[in-house]
Amino acid sequence: MDILLKSHKHYGTLLLALVLAVIVVTLLKGPKPVFQRIVAVLVDINLVVGLATAWFTHRPFSLLHPIFALGAVGLLHASAKSDNGSKVIKCFSIALVLLIAVWAVNAPWGQRYIGQIWMYNFSAQSVPVAPVAQ
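Residues numbered from 1 in each chain as written. Predicted model: local features only at pLDDT ≥ 70, side-chain atom pairs only at ≥ 80, totals over all residues. Heavy atoms only, no water.

Asker: I tried to follow the overall build of the chain on my own but got confused; where do I start?
Answerer: Helices and strands together make up the secondary structure of the chain, namely five helices and two strands. Scored against the burial criterion, the 134 residues of the chain give a buried share of 33%. Long-range pairs, those at least 24 residues apart, make up 76% of the contacts in the chain with a sequence separation of at least 6. (Helix = DSSP H or I, 4+ residues; strand = E, 2+ residues; numbered from the N terminus. Buried < 20%, exposed > 50% of the residue type's maximum accessible area, 1.4 Å probe, protein only. Contact = heavy atoms within 4.5 Å.)

Asker: Which parts of the structure should I look at to understand the side chain of H65?
Answerer: Mapped onto the elements, H65 comes out in helix α3 (residues 64-79). Apart from residues no more than four positions distant in its own chain, H65 is found in contact with H8, V102, V105 and N106.

Asker: Mind showing me how you'd approach the nonpolar core here?
Answerer: Generally speaking, soluble globular proteins have nonpolar side chains that are buried together. Ranked by internal contacts, the top residues of the largest apolar core, which has 17 residues, are V19, L76 and F92. Elements represented by at least two residues in this core include exactly α1 (2-29), α2 (33-57), α3 and α4 (85-106). (Core = buried A, V, L, I, M, F, W, Y, C linked by side-chain atoms within 4.5 Å.)

Asker: I would appreciate a short explanation of a nonpolar patch on the surface in the present structure.
Answerer: A surface patch of nonpolar side chains, amounting to about 410 Å² of accessible area, comprises L20, V24, L27 and L28. Mapped onto the elements, V24 comes out in helix α1. (Patch = residues over 30% accessible without salt bridge, like charges linked within 9 Å, V, L, I, M, F, W, Y side chains within 5 Å. Areas by Shrake-Rupley, 256 points an atom, 1.4 Å probe, with all protein chains shown as cover. Salt bridge = Lys/Arg side-chain N within 4 Å of Asp/Glu carboxyl O.)

Asker: For this particular structure, what's the right way to read the packing of α1 against α4?
Answerer: Each pair of packed helices gets described by two things: the angle between the helix axes and the distance between those axes. Where α1 meets α4, the closest approach of the two axes is 9 Å, and the angle between their N-to-C directions is 160 degrees. Taken together, the axes of α1 and α4 lie roughly antiparallel to each other. Once α1 is placed against α4, the crossing between them reads as left-handed. Here L16, V19, L20, V22, I23, T26 and L27 of α1 lie close against α4, whose contacting residues are G85, V88, I89, F92, S93, L96, L99 and I100. Taken together, the residues that form the contact of α1 with α4 break down as twelve nonpolar, three polar and no charged. (Axes fitted to C-alpha atoms, helices over the stretch in contact; angles between N-to-C directions. Parallel < 35°, antiparallel > 145°, perpendicular 65-115°, else oblique. Left-handed = near helix turned anticlockwise from the far one by under 90°. Nonpolar A, V, L, I, M, F, W, Y, C, P; charged D, E, K, R; others polar.)

Asker: Hey, could you run me through α4 in this one?
Answerer: An α-helical turn contains 3.6 residues, so any two residues separated by three or four positions project in the same direction. With 22 residues, α4 ought to run about 32 Å at 1.5 Å a step, and its terminal C-alpha atoms sit 32 Å apart, in line with that. Along α4, the residues that are buried comprise G85, V88, C91, F92, A95, L96, L99, V102, A104 and V105. (Expected span 1.5 Å × (residues − 1).)

Asker: Looking at this structure, I do not really get the packing of α1 against α2. What am I missing?
Answerer: Packing of α1 against α2 brings their axes to within 9 Å, and their N-to-C directions diverge by 160 degrees. Regarding the angle of α1 to α2, the classification is roughly antiparallel. In terms of crossing hand, the pair formed by α1 and α2 is left-handed. For the contact of α1 with α2, a count of residues per class yields 17 nonpolar, eight polar and no charged.

Asker: I keep staring at the environment of I67 and nothing clicks. Help me out?
Answerer: Its place among the elements puts I67 in helix α3. Sequence separation between I67 and V102 is 35 residues, and the spatial gap between their C-alpha atoms is 8.5 Å.

Asker: Looking at this structure, how should I read the confidence of the model for the chain?
Answerer: In low-pLDDT segments, the atomic positions of the prediction should not be examined closely. Residues with a pLDDT of 70 or more make up 84% of the chain, whose mean pLDDT is 85. Confidence, expressed as mean pLDDT per element, reaches its minimum in the chain at helix α5 (residues 110-113) with 71 and its maximum at α3 with 94. Long-range and interchain partners of residues 126-132, a stretch whose pLDDT sits below 50, account for zero contacts in this model, where long-range means more than four residues apart. (pLDDT = per-residue confidence, 0-100.)

Asker: It is not clear to me how α1 should be interpreted in this structure. Could you clarify?
Answerer: With 28 residues, α1 should reach 40 Å at 1.5 Å per residue; the first-to-last C-alpha distance of 40 Å fits that figure. By the burial criterion, the buried members of α1 are L4, H8, G12, L15, L16, V19, V22, I23 and T26. The elements touched by buried residues of α1 are α2, α3 and α4. Directly after α1, the chain includes G30, whose backbone phi takes a positive value near 95 degrees.

Here you go:
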């Protein structure tokens, strides 16, 4: 399941560049709803890959990671269909900051500062087994 973790990590880095590209395109040429919607859906896909990664790799992660990611997804979808340039720039800029925070939570240096907050592990949440009577 290491491939899930690596794909989630590298795909997430690409998404940072794509969100920044939407901001730059909106600043230079105006809003492009098709491009904005594609980027929002690509972030959704990485969210699903991240959930699968958390479920199958059994590695602990901070709950701030999915909370920030869901906030970014909400902002991206709130402005994905918009033709209002200022709304797109504001929402995508805040989403970019949240996605950078998502990245920072699990970065090696970030785990020392904010990554240890609300740690969770799917494998630690196993169903208790009743003792066998002898």
